[in-house]
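Close look at the chain arrangement
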Amino acid sequence: MSEIIKIENLKREFVVGDEVVRALRGLSFTINQGEFVTIMGTSGSGKSTLLNILGCLDVATSGEYYLDGVSVKDISKNDRATLRNRKIGFIFQSYNLLPKTTSIENVELPLMYNREVSTSERYKRAVAALEAVGLSDRLKHKSNQLSGGQQQRVAIARALVNNPVMILADEATGNLDTRTSYEVLTLFQNLHNEGKTIVFVTHNPELAQFSSRTITLRDGHIINDIQNNRIVSAKDVLATMPKEDEQSV
Amino acid sequence: MDYRNLIKIAIKALANNKMRGFLTMLGIIIGVASVISMLAIGGGSKQSIREEIGSMGSNMIMVSPGNGRFGGVRQSASSMQTLKMADYESIVREASYIAKITPTVNASGQVIKGANNTPTTIYGVNPEYLDIRGYVVESGSMFDDNDVKHANKVCVVGKTVVTELFPNGEDPLGQIIRYNKIPMKIVGVLQSKGYNTMGMDQDDLIIAPYTTVQKRILAITYIQGITASAISEEYTDKAIDEMTQILQSNHGIKIGQDNDFNVRSQQEMMETMSSVMDLLTVLLACVAGISLIVGGIGIMNIMYVSVTERTREIGLRMSIGAKERHILFQFLIEAVIISVAGGIIGVVVGVGVSKIIAMFGTPTLVQGYSILLSFAVCTITGIFFGWYPAKKASQLNPIDAIRYE
Ligand SMILES: Nc1ncnc2c1ncn2[C@@H]1O[C@H](COP(=O)(O)OP(=O)(O)OP(=O)(O)O)[C@@H](O)[C@H]1O
Ligand SMILES: [Mg+2]
């Protein structure tokens with residue numbers, strides 16, 4: 001298996017006033033293609049900061065980040081934009097949908113910046129992505145007409161629509177009820193089975209059993225990195241859940 | 001790069017924020033419209049003054065006492081006593097390029113008829129004054145040379161004086177009015193000339209023999225001016241030279257000395273006047289310029305704020321793969337659409353407002369350069385300040401732009 005992500009002594013510091021917040025204090029790890037990694041840790045431990053750097057949205061203060069063997073530092077701004085557009089699907093903790101914009105338009109957005117995708121194909125793929133997250137009946141709803149969980153699912157659909165090789169999800173199930181979060185996890189597991197690399201940030205320790213590896217952060221350090229050889233199928237769990245649990249979110 | 005998509009994105013973004021787009025446009029509309037109408041007012045009054053003075057005939061020549069320079073103590077022209085009847089007489093005798101000529105004296109005061117009275121100006125002239133100034137006697141007749149010779153107490157009055165003194169529509173002919181206690185008989189009424197562009201009522205006057213005004217009203221022997229007309233327009237300059245020479249020799253003024261009188265043609269008056277108007281136009285242009293700057297700053301503000309508040313949007317777009325140039329192009333298109341549409345509407349509104357102002361009596365002239373200038377300034381400001389903050393935002397890290405507050 002080839003290395004898709006490799007970080008070496010990665011540090012990220014924020015200067016706030018005359019104080020330095022050290023969010024990441026020297027992380028090193030490697031993620032192979034096709035891994036499903038859960039990143040856990042208490043609030044403020046640096047999970048989002050790490051994920052933003054992995055998603056090429058932010059740059060480390062020091063240390064190295066190799067994406068597909070290339071140091072991200074050496075990738076031009078434009079090429080990083082293309083990377084984000086074609087290879088990475090990023091799901092924000094705070095969704096970050098375009099306001100006053102319908103679900104379908106939000107999901108179409110990444111493809112708008114990809115001229116290889118025609119108008120009709122763009123629409124088809126956006127509808128398919130929204131169907132995959134169970135929102136086919138909310139295509140024309142604007143962001144503010146959706147519940148928090150629905151917005152989260154639109155954000156997930158948007159991350160999937162460009163068919164990325166790597167999905168970075170920051171609390172992608174944070175706002176979903178148990179059943180819907182298992183549905184989303186099933187989706188992720190399917191993507192994982194298709195060979196996609198997934199990095200999944202969560203608070204919820206129960207979700208670790210669905211991934212192949214769990215990295216735990218505390219105060220900007222890795223305190224735990226364990227492989228999971230007995231991945232539980234979210235689909236199976238879903239099947240055992242009583243139907244009555246099903247509620248609209 | 002697929003510009004079609006980017007144009008679509010820009011139009012969608014505009015459509016999603018109609019109010020913001022409209023408000024931004026409003027700034028540009030007001031900026032452009034106010035500058036155009038302001039300059040139209042300046043241009044209009046200048047043009048109509050030109051036309052007016054031109055229509056008065058450019059062969060009129062006026063002599064007034066006093067010198068044209070600012071040396072020594074300057075007195076007001078009417079209180080100077082350098083012009084005498086002898087000057088008038090020698091011009092009449094010697095000048096060959098003069099068609100009509102009259103000495104002038106005038107006085108301001110109250111004219112009374114019974115219980116009615118009104119302030120007005122009385123012009124003491126000879127009968128040739130009518131032709132020189134283009135006045136026409138509508139009813140009755142002009143006084144004649146005999147009246148001048150005997151300083152008869154007769155006068156010809158303008159329409160305004162008639163309406164003030166005879167509010168009930170009585171026939172003014174043959175009536176006696178009192179000017180500074182001097183009783184005068186109305187022998188004629190002038191045809192109305194209306195207001196001139198300077199807002200002066202050209203019907204608010206009384207014309208009487210200059211001898212009457214000199215002796216009975218002012219009690220002076222000198223004259224206050226000479227008004228003449230050249231035999232035709234081409235000879236105006238020659239007539240001026242001629243009159244100047246006659247007066248110089250009369251007054252014993254040697255070469256190199258300052259004249260103690262002024263000879264000016266209507267032409268020169270027109271030039272003086274239009275230079276005054278030029279000054280006024282410059283002033284108006286300054287006001288317009290200031291409103292252009294204020295408008296520009298307003299546009300700048302709205303554009304800047306509306307782009308800055310969209311830093312999050314920019315960050316988000318970049319996070320899903322928009323390149324810097326995609327962002328710039330989107331915002332450029334938005335700014336161009338808003339600015340150009342606003343500019344065009346502003347031109348239409350500005351021209352419309354100018355027309356409306358003209359309907360209310362103030363002459364306006366919409367000038368091409370004002371349209372061009374205001375349109376260019378406003379749209380360029382709009383485009384630049386729509387583009388520049390977007391440029392700055394697009395240079396941020398996507399995550400910093402998203403977190404921007
Ligand atoms: N832009 C920033 N400026 C200053 N400090 C920051 C910034 N972003 C994050 N931090 C700090 O870095 C630390 C890690 O933040 P981060 O968002 O990565 O935490 P997290 O693990 O994602 O927490 P949560 O589970 O609550 O989302 C926090 O202490 C936070 O205050
Ligand atoms: Mg976080």
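To start, this report covers the structure provided alongside it. This structure is a prediction, so every number in the text was calculated from the model and none was measured.

With respect to the overall build of chain B
Looking only at helices and strands, chain B has 13 helices and 10 strands in total. Looking at chain B as a whole, 46% of its 405 residues are labelled buried. Expressed as a percentage of contacts within chain B between residues at least 6 apart in sequence, the contacts between residues at least 24 apart total 78%. A total accessible area of about 19100 Å² is found for chain B, and carbon and sulfur atoms account for 59% of it.

A few points about the overall build of chain A
Looking only at helices and strands, chain A has seven helices and 10 strands in total. Looking at chain A residue by residue over its 249 residues, the buried ones come to 53%. A separation of at least 24 residues holds for 71% of the contacts in chain A among residues at least 6 apart in sequence. Carbon and sulfur atoms make up 46% of the accessible area of chain A, which totals about 11200 Å².

A closer look at the coordination of the magnesium ion (ligand 2)
Binding of the magnesium ion (ligand 2) to the protein goes through Ser48(A) (OG) and Gln93(A) (OE1), at separations of 1.9 to 2.3 Å. Note that Ser48(A) is positioned in helix α1 (residues 47–54) and Gln93(A) in the loop between β6 (88–91) and α3 (103–112), a separation of 45 residues in sequence.

Remarks on the side chain of Asn106(A)
All names here are of chain A. Topologically, Asn 106 is positioned in helix α3. Side-chain polar atoms of Asn 106 contact the backbone nitrogen of Leu 98, separated by 2.8 Å. Filtering out sequence-adjacent residues up to four positions away, Asn 106 remains in contact with Leu 97, Leu 98, Thr 101, Ser 143, Val 154 and Arg 158.

Here's the deal with the environment of Gly315(B)
Residue and element names in this part refer to chain B. Inspection of the secondary structure puts Gly 315 in helix α10 (residues 311–319). For Gly 315, a relative accessible area of 0% corresponds to the buried category. Spatially, the C-alpha atom of Gly 315 lies 7.9 Å from that of Leu 396, the residues being 81 residues apart in sequence. The contacts of Gly 315, once residues within four sequence positions are left out, are Pro 398, Ala 401 and Ile 402.

Observations concerning the interface of chain B and chain A
Tallying the contact residues gives 32 residues for chain B and 29 residues for chain A. Counting each side, the surface lost to burial between chain B and chain A is near 2600 Å², with a carbon and sulfur contribution of 51%. Linking chain B with chain A are two salt bridges. Here Lys12(B) and Glu105(A) are joined by a salt bridge, their closest N and O atoms 4.0 Å apart. At the level of elements, α1 (3–16), α10, α11 (324–359) and α13 (398–403) of chain B are the ones that each hand at least two residues to the side of chain B that touches chain A. With seven residues, the single largest contributor to the side of chain B that touches chain A is α1(B).

Describing the nonpolar core
In terms of nonpolar packing, the biggest core is built from 57 residues, with Ile91(B), Ile98(B), Ile122(B), Val157(B), Ile177(B), Ile206(B) and Ile207(B) touching the most fellow members. Not counting residues up to four positions away in its chain, the partners in contact with Ile207(B) are Tyr123(B), Val125(B), Tyr129(B), Leu130(B), Met142(B), Phe143(B), Cys155(B), Val156(B) and Leu190(B). Listed in part, the 50 residues of the second largest apolar core include Leu27(A), Val72(A), Phe92(A) and Val201(A).

A short note on helix α2 (residues 77–86) of chain A
Here α2(A) has its buried residues at Arg80(A), Ala81(A), Leu83(A), Arg84(A) and Asn85(A). Its buried side turned inward, α2(A) meets β4 (62–67), β6 and α3 of chain A together with α10 and α13 of chain B.

Considerations on the sheet that holds strand β7 (residues 166–170) of chain A
Residues and elements named next belong to chain A. Here we have six strands laid out as an open sheet, ordered β6-β7-β8-β3-β9-β10, and mixed in their pairing. Strand pairing shows two members of the sheet lacking a second neighbour, β6 and β10 (221–227), which therefore form its edges. The average undirected angle you get between the axes of adjacent strands in this sheet is 15°. Inspection of the sheet shows β7 paired to strand β8 (residues 197–201) by five bridges, in the parallel sense. Pairing of Leu 168 across the sheet is with Val 199, part of β8. This element, helix α5 (residues 148–160), spans β6 and β7 of the sheet and lies at about 170° to β6. Contacting β3 (36–41), β6, β7 and β8, helix α6 (residues 178–193) crosses the sheet at an angle of about 150° to β8.

Looking at the packing of aromatic side chains
Following the criterion strictly, the structure yields 10 aromatic pairs over all chains and no others. Ring centres 6.1 Å apart and planes at 70° place the aromatic pair Phe36(A) and Phe200(A) in the edge-to-face group. Taken as a pair, Phe36(A) in strand β3 and Phe200(A) in strand β8 lie far apart in primary sequence, 164 residues in all. Accessibility expressed as a relative area gives 1% for Phe36(A), which makes it buried. A centroid spacing of 4.9 Å and a plane angle of 85° characterise the contact between Phe384(B) and Phe385(B), whose relative ring orientation is edge-to-face. Judged by relative accessible area, Phe385(B) falls into the buried class, the value being 18%. Each residue in the set Phe384(B), Phe385(B), Trp387(B) and Tyr388(B) is aromatic and connected to the rest through ring pairs, giving one cluster. Its guanidinium or amino end placed over the ring of Tyr135(B), Lys193(B) lies 4.6 Å from that ring's centre, counting from NZ or CZ.

The rules behind these values
Residues numbered from 1 in each chain as written. Chains lettered and ligands numbered in written order. Predicted model: local features only at pLDDT ≥ 70, side-chain atom pairs only at ≥ 80, totals over all residues. Heavy atoms only, no water. Helix = DSSP H or I, 4+ residues; strand = E, 2+ residues; numbered from the N terminus. Buried < 20%, exposed > 50% of the residue type's maximum accessible area, 1.4 Å probe, protein only. Contact = heavy atoms within 4.5 Å. Areas by Shrake-Rupley, 256 points an atom, 1.4 Å probe, with all protein chains shown as cover. Donors = N, O, S within 2.8 Å, 3.2 Å for Na, K, Ca; no water. Polar contact = N/O pair within 3.5 Å; in protein donor to acceptor, adjacent residues only side chain to side chain. Buried area = accessible area lost by both parts, 1.4 Å probe. Salt bridge = Lys/Arg side-chain N within 4 Å of Asp/Glu carboxyl O. Core = buried A, V, L, I, M, F, W, Y, C linked by side-chain atoms within 4.5 Å. Pairing = 2+ DSSP bridges. Axes fitted to C-alpha atoms, helices over the stretch in contact; angles between N-to-C directions. Phe/Tyr/Trp six-rings, centres within 6.5 Å; stacked < 30°, edge-to-face > 60°. Lys NZ or Arg CZ within 6 Å of the ring centre and 35° of its normal.

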